[in-house]
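Architecture at a glance
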Amino acid sequence: MSSSRLLLLLQGMASLNYSSLPTSLRSASFHTSKSSIKSRNFEFNGIDDAVDCFNWMVHMHPPLSTLEFNRLFGSIVKMNHYSAVISLAKSMELFGIKHNIYTFGILMNCLCCLRRVDFGFSLLGKILKLGLQPNIVTLTILIKGLCAEGKVAHAMRFFDEMVDNGYRPNVVTYTTMINSFCKIGYTHVAVQLLNKMENRGCKPNVVAYSTVIDGLCKDMQFDKAFDLYLKMIDQGVTPDVVTYSSLIQGACNSGQWNEATRLWNEMIASKITPNVITFSIIVDMFCKEGKILEAECVVEKMIESVVDPDMVTYNALMDGYCLVGQIDKALELFDSIAKKGFRFNVISYNTLINGCCKIKHIEKAMELFSDMNSKGLCANTITYNTLISGLCKVRKVQAAKNLLKEMCARGHTPNLITYSTLLDGLCKQGCLDEALALFKAMQESGLELNIITYSIIINGLTKGGKLNIARDLFSSLSVKGLKPNIKTYNILIDGLCKEGHLSEAYELVRKIEGTDCSPDEGTYNILIRGLLRNDNASSAMQLLREMVDKGFSGDASTAEMVVDLLSNDAYDKSVSNELHMLLLT
C-alpha cells in the first residue's frame, strides 16, 4: 500500500461510518460484537484490509481495549509493514486509546526493523515520562536493534547498565548478544557471556549453545566446540539439527572426516531429521574426499526424505565430479538442473570453468564464461583467475593477456594470483623479457609479492638461461623479508646443476640443512642427476646412500640416468651396480 493511500485513510477516519465499510468487513462473522474481535486471529489478505479493520476498530462503542489493537499491530508486523504500524499507532492515540508497555514494545520493534534504533531509544524516554516501567522484553528489543545495526559495543554497554539497574536478562537477551558477538568474530566474548549466563541462573537453551558452537567451528576451534557440545548434553539440553550441522561442518573444515561421519550417524540414530544444510555439508564432505558414489547416495536419500536439494547441494556435487575428473557428469548435472528451473550462481559457473580448465578443455570453459555473461551473472576475480590459468596451461598466453585487459575494463581489480598466474605462463612460454617487465611492474605496483611469485620468476630465469639474474633475485629475498621454501631452493639448485656449478649447488644443499627448511626427496634427486650428468658417479653414490638413509627414494628421471650409466662400459660396474641397488632399495 502506498504512503499516500495510508494518509488518505487516516485523514478520512473522522467521517467514517458503518455504511462506508467494505461488505467483507460488515459481515456478522467479522464484527458483530466485541467478543468476535477477541476470537479473531487477524489474518488479512493485505495491508489494505488491515488498515480498513483498524478504521472500523477505532469507531467501536464501547471502545476496544489496547490489547486488541496490539493484536492487530502484531498481525501487521508479520506482514513486514513496519511503517504502517507506526502511523496507525499515532492515530490510535488521537482517538484517545492509550498505548501500554506492549504497544511501545511493538513500536520499538518496528523502529528497530527499520534500522532506526535511535528513535527506539526516544520511545524509551517517552515510556519513562509516562510513568510506565519498561520490562526485559522491551529492553531486549533495543539490544537486538543495536546489534542489527552493528552497534555491538553500544549494545553491550546498555546490557551492562540494564543488569546494574536490577533487570535480569532472559535467555532471549543473552542469545541476542551471543549471536551478535559470534557474527563479528568475537566468539571468545560469546563464550564468556554464555558462562555468565549460567552463573547468573539463566539456563542456556539449545539456541544459545548452538550459536556459540557454530561460532567456534567457524573459528576453526572444533575441539572447543565439541567440548561445549558435551557440556550441553551434560546440562540436559538436547542438540538439534542446527547443533549437528555446525559440528559436522566444523569437523569437515578441520579435516576430521571420520568425526564428521560419526556425528552424522549419531544424528540419524537420534531421530533428528537433517535439513538441506546438513545434507549439503555431507555431500560436500564426500565430494572433497573423492567419494562421489557416497555423495550421490546422500543426494538420493535427501530426495527420499522429501528434502529438496538446493544450489549449494548441486554445486557441491558438480565440484565433486570435477575433482575426480568426471567433467561430463558435472556438465550433465548442470544441464539437468537447468531444466528444473534452478537459477545458477557465480559459484556454479566457477566450479565448471575450473573443472574444464583442469583437463585443458579451454574451449568449453570459455563457452561457459560466455553463457554466464549472457545470463547477466557478473564474473568475479576467481572466474578470471581460473580462465587466465587455463589459457596459460594450453599456451594461449596472448589470449590470457587479453582476458586480463577485459577484466580490468569491467572494473575488476587483478590480485597477486592473477599476475603470478600470467607471470608463470609467460615464463613457461619462454617470453622472459615480457615476464621480467611484468615482474618489475608488479614490484612497483605496491603489491606484496610472496615467495611463490619469486619462485615463479626464478624458475623461469634458470630455465631460460639467465642464471645470474636468478641468483641475484634469490639473494635479495632475505632483504625483502622473505624466506625461500624448499621449492625455491630446488629451483636454484636445479639451475646450478644444469649450468655445471655443482660445488655451488652442493654447498646450497648443505646450507638448507642449517635452516628451517630441510632437503627433500626432490633436492637429492636433482643433485644426484647433476652429478651423474657431470660424470661424478662416486659422489652421486655417496649422496644416494644419504638419501636412502633418510627414507627418500629415487624418482623416474634419476632411475633412467642410472640405467643409462649401467649400459656405459666406461663406468666401473661395481659403482653402477651399487647405484642401481640403492635405487631399488
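Residues numbered from 1 in each chain as written. Predicted model: local features only at pLDDT ≥ 70, side-chain atom pairs only at ≥ 80, totals over all residues. Heavy atoms only, no water.

Description of the overall build of the protein chain
- In terms of helices and strands, the protein chain carries 34 helices and zero strands.
- Taken over 585 residues, the protein chain has a buried fraction of 47%.
- Taking the intrachain contacts of the protein chain between residues at least 6 apart in sequence as the baseline, contacts between residues at least 24 apart amount to 60%.
- Carbon and sulfur atoms provide 54% of the accessible area of the protein chain, an area that totals close to 29,300 Å². (Helix = DSSP H or I, 4+ residues; strand = E, 2+ residues; numbered from the N terminus. Buried < 20%, exposed > 50% of the residue type's maximum accessible area, 1.4 Å probe, protein only. Contact = heavy atoms within 4.5 Å. Areas by Shrake-Rupley, 256 points an atom, 1.4 Å probe, with all protein chains shown as cover.)

Focus on helix 5 (residues 66-78)
- Here helix 5 is 13 residues long and its end C-alpha atoms lie 19 Å apart, about the 18 Å a rise of 1.5 Å per residue gives.
- Of the positions making up helix 5, those classed as buried are Thr 66, Glu 68, Phe 69, Asn 70, Leu 72, Phe 73, Ser 75, Ile 76 and Val 77.
- Phi for Asn 80, located one or two positions after helix 5, is positive at around 65°. (Expected span 1.5 Å × (residues − 1).)

Side note on the pattern of salt bridges
- Within the structure shown, the criterion is met by 24 salt bridges.
- The salt bridge involving Glu 198 is made with Lys 231; its shortest N-O contact spans 3.1 Å. Separated by 33 residues along the polypeptide, Glu 198 in helix 12 (residues 187-199) and Lys 231 in helix 14 (residues 222-234) bring together distant segments of the chain.
- You can call Lys 231 partly exposed: its relative accessible area is 31%.
- With a shortest N-O distance of 2.8 Å, Arg 262 and Glu 266 are connected by a salt bridge. Separated by four residues within a single helix, Arg 262 and Glu 266 lie in helix 16 (residues 257-269), roughly one turn from each other. (Salt bridge = Lys/Arg side-chain N within 4 Å of Asp/Glu carboxyl O.)

Quick notes on the environment of Leu 132
- Tracing the backbone shows Leu 132 in the loop between helix 8 (117-129) and helix 9 (136-148).
- Sequence-wise, Leu 132 and Asn 100 are 32 residues apart; in three dimensions their C-alpha atoms are separated by 8.0 Å.
- With residues near it in sequence (within four places) discarded, Leu 132 still touches His 99, Asn 100, Ile 101, Phe 104 and Ile 127.

Function cannot be read off these values alone, since they describe shape.
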